[in-house]
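Observations on the three-dimensional arrangement
Given next are the chains, with one letter for each unit.
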Amino acid sequence: MKNDICGFEHLHLHTDFSLLDGFGMVEEYALRATQINQQFLCVSDHGMMGVIPRQIRTCEEHGINHIFACELYLNDHQPTVKNPDEYSDYTKDLNEAEKFLLKKSYHLLAIAYSETGYKNLVQLSSWGYKSGYGGVPRRPRVTHDQLRKHKEGIIFTSCCYLSEIGQAFHNGGKEAAYEMLSTYHSMFGENYFLEVMLLDFKCQKPYDAFLIEAHAKLHIPLILTNDCHYCMKDDSKFQRNMLMIRTKNTVQDIEAAMENNEDMDRFFELQDQNLWQKSEEELNEKWNKDYSDIIPYDLFCQAKKNTVEICRKAKGVELDRGIKLPKLDDANDKLMDNIIKGMRWRGVSGQKYVSRIKKEYELIRRKDFASYFLITQMMTDEARRVCPSIIGWGTGEEAIGPGRGSAVGFLTCYCLGITDVDPIKHGLLSERFLSDARGGRQMKLRFHSLPEGVEDE
Ligand SMILES: [Zn+2]
Ligand SMILES: [Zn+2]
């Protein structure tokens, strides 16, 4: 058995953020990555990138590098109506072939290798939700046009059998697949890779054979992935059950349909119990057992090494994680005005109040937090204003409550109506909330919207 360890990293991996299509959680994947000697954790959820904050935190905890990716959905045929109620009206004049095309959500693996790439990937995913989300199935789908606009900084791959190339191969054979491949290759150039997988899914092997042939002809580099949907081998049964929920099927229905060779899209993960986060040794074993006749050993090793190369190129994309707040014009003066008005409104005066408010105001100026206080005041004012009409009762004071956490010790918050507790009367310290040494822009607000008598948890 050939079993060289030449380095391998997973570039195609779904977490539970791939709604009902990924069983593994990013925390388990990160832990296993360290156990199988991987230095990187690349997550490529379907259509969305919501896992990223958790991915960054988890990778930091485990001392590995995060790589940002997304398995985009793609279809140039976008329904012009987005409301599902209008959809049947919209499709009634279409023929079967047109309806079939409209339903397709082709897969495309996209890996960001720079900050620009990350921003472009966010643009693509957001565009999918805002403009490409409609009809059946309801998935965030991008178009080739959008890809051309936002391809910079991103590595793309031929992805799985449900890609446009895989489906061209399925429906039109090699010739159709080559044609599709050349479209992608010319669109992405050196940032394009062919992706082979060692799966049991019965269409995969002939497709891999095609990809190896295409590599020889077109010299597009290869990568190896395992399209991970769960962390451990034994998790495959949970993935299967989850898939039944998503597709509203029973296992028996699906098995019967598979026997009759029905629509392939639905059965990919059922025909395969290989989609765990395999170690390089486990992939070597699979190659020896099932794929050595299709993929030459040197190409197999090269495809593994290329995944490490991509990770090295894509690592170190850092996000600006600071709080994004607009800076208001003349914020310091406006805040002073509001504080004076607030002191009158609250009916507070005297030396104790004036010297405390002066101290707090100077601190806010030094920390450049005036805009933050004004914005928070706008939010609480607005909550009070709209609360009675939304919940149908009360004066609006119920919307906010008396305040939470250390912010109730800050007299400015009381004067601005952000909290409802007089800190001087109750002997509360302002320094617990904000001082030169501590405190950020993190006031805790809690907006009530429950009907009277119903308790929040
Ligand atoms: Zn896929
Ligand atoms: Zn996938």
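The rules behind the values
- Residues numbered from 1 in each chain as written.
- Chains lettered and ligands numbered in written order.
- Predicted model: local features only at pLDDT ≥ 70, side-chain atom pairs only at ≥ 80, totals over all residues.
- Helix = DSSP H or I, 4+ residues; strand = E, 2+ residues; numbered from the N terminus.
- Buried ≥ 20, exposed ≤ 12 C-beta atoms within 10 Å, placed from the backbone.
- Contact = placed C-beta atoms within 7 Å.
- Core = buried A, V, L, I, M, F, W, Y, C linked by C-beta atoms within 7 Å.
- Expected span 1.5 Å × (residues − 1).
- Arc of directions from axis to C-beta.
- Axes fitted to C-alpha atoms, helices over the stretch in contact; angles between N-to-C directions.
- Parallel < 35°, antiparallel > 145°, perpendicular 65-115°, else oblique.
- Left-handed = near helix turned anticlockwise from the far one by under 90°.
- Domains from an automatic or database assignment.
- Pairing = 2+ DSSP bridges.
- Right-handed = clockwise from strand over helix to strand, strands pointing away.

Further remarks concern the overall build of the protein chain. A count of helical and extended segments in the protein chain gives 16 helices and seven strands. Its C-alpha atoms put the protein chain at 90 × 55 × 40 Å along the principal axes. Counting every position in the protein chain, which comprises 457 residues, the buried fraction comes to 39%. By sequence separation, contacts in the protein chain at least 24 residues apart represent 75% of the contacts at least 6 residues apart.

For the rest of this paragraph, the subject is the nonpolar core. Of all hydrophobic cores here, the largest spans 84 residues; its most connected members are L41, C42, A69, A110 and I111. The contacts of I111, once residues within four sequence positions are left out, are L11, C42, I67, A69, I154, I155, I310 and A314. I364, V408, C413 and I418 belong to the second largest nonpolar core, which has 20 residues in total.

Turning to the environment of M343, a few remarks are in order. Tracing the chain through its elements places M343 in helix α13 (residues 331–346). On the neighbour-count criterion, M343 (17 C-beta atoms within 10 Å) is partly exposed. Along the sequence, M343 and I357 sit 14 residues apart, while their C-alpha atoms lie 9.5 Å from each other. Not counting chain neighbours up to four residues away, the residues in contact with M343 comprise V348, S349, Y353, I357 and C415.

Bringing helix α9 (residues 236–247) into the picture now. Under the 1.5 Å per step criterion, the end-to-end length of α9 is 16 Å for twelve residues, consistent within 8% with the ideal 16 Å. Those residues of α9 that fall on the buried side of the exposure criterion are Q239, M242 and L243. The buried side chains of α9 occupy one side of the element, clustering within an arc of 105° when seen end-on. α9 presents K237, N241 and I245 as exposed residues on the side facing more than 90 degrees away from its buried surface. Where α9 ends, the next residue or the one after it, K248, has phi of about 55°, a positive value.

In contact at an axis separation of 9 Å, helix α1 (residues 26–35) and helix α2 (residues 52–62) are set at 30° when each is read in the N-to-C sense. Here α2 runs roughly parallel to α1, going by the angle between their axes. In the crossing of α1 with α2, the sense of the turn from one axis to the other is right-handed. Contact residues: V26, E27, A30, L31 and T34 in α1; R54, Q55, T58, C59 and H62 in α2.

Turning our eyes to something else, we now look at the domain arrangement of the protein chain. Many analyses report the size of an interface as the accessible area lost when the parts associate. Its domain assignment divides the protein chain into domain 1 (26–314) and domain 2 (331–432). Look at where the C-alpha atoms of domain 1 and domain 2 centre, and you get two points 51 Å apart.

A few words now on the pairing of strand β3 (residues 106–112). Judged by how many residues are buried, β3 sits mostly within the fold: seven of seven residues are covered. Where burial is concerned, the two faces of β3 agree: the one with Y106, L108, A110 and A112 and the one with H107, L109 and I111 are both buried. Where strand β2 (residues 65–74) and β3 come together, six bridges link them in antiparallel fashion. Its bridge partner lying in β3, L72 is registered against L108.

A few words now on helix α5 (residues 115–131). For α5, built from 17 residues, the straight-helix expectation of 24 Å at 1.5 Å per residue is met to within 8% by its first-to-last C-alpha distance of 24 Å. On its buried side, α5 packs onto β2, β3, β4 (141–142), α6 (144–149) and β5 (154–157).

Where helix α7 (residues 164–188) meets helix α8 (residues 204–218), the axes come as close as 11 Å, and the angle between the chain directions of the two elements is 30°. Between α7 and α8, the angle falls in the class roughly parallel. Like other packed secondary-structure pairs, α7 and α8 cross with a definite hand, here right-handed. Residue-level inspection shows G166, F169, K174, A177, Y178, L181 and H185 of α7 in contact with α8, the latter providing Y207, F210, A214 and L218.

A few words now on the environment of G347. Looking at the secondary structure, you find G347 in the loop between α13 and α14 (351–367). In this structure the C-alpha to C-alpha distance between G347 and R240, which are 107 residues apart in sequence, comes to 65 Å.

Counting buried positions along β2 gives nine out of ten residues, so the element sits mostly inside the fold. In this structure, strand β1 (residues 40–46) lies alongside β2, joined through seven bridges in parallel fashion. Bridge pairing in β2 places C42 opposite I67. What joins β1 to β2 is α2, and the crossover it makes is right-handed. Looking at chain direction, β2 and β4 are connected through two bridges and run parallel. Bridge assignment links Y73 to a residue of β4, and that residue is R141.

Glancing now at unusual backbone geometry. Unlike most non-glycine residues, C159 shows phi in positive territory, near 65°. You can see C159 is positioned in the loop between β5 and α7. The residue D227 is not glycine, and still its phi comes out positive at about 40°. Checked against the element boundaries, D227 lands in the loop between β7 (222–225) and α9.

Right, let's get into the environment of K289. When you line up the elements, K289 lands in helix α11 (residues 280–291). According to the C-beta neighbour criterion, K289 is exposed, with 10 such atoms within 10 Å. In the structure, K289 is positioned 104 residues away from W393 in sequence and 69 Å away in space, judged by C-alpha atoms.

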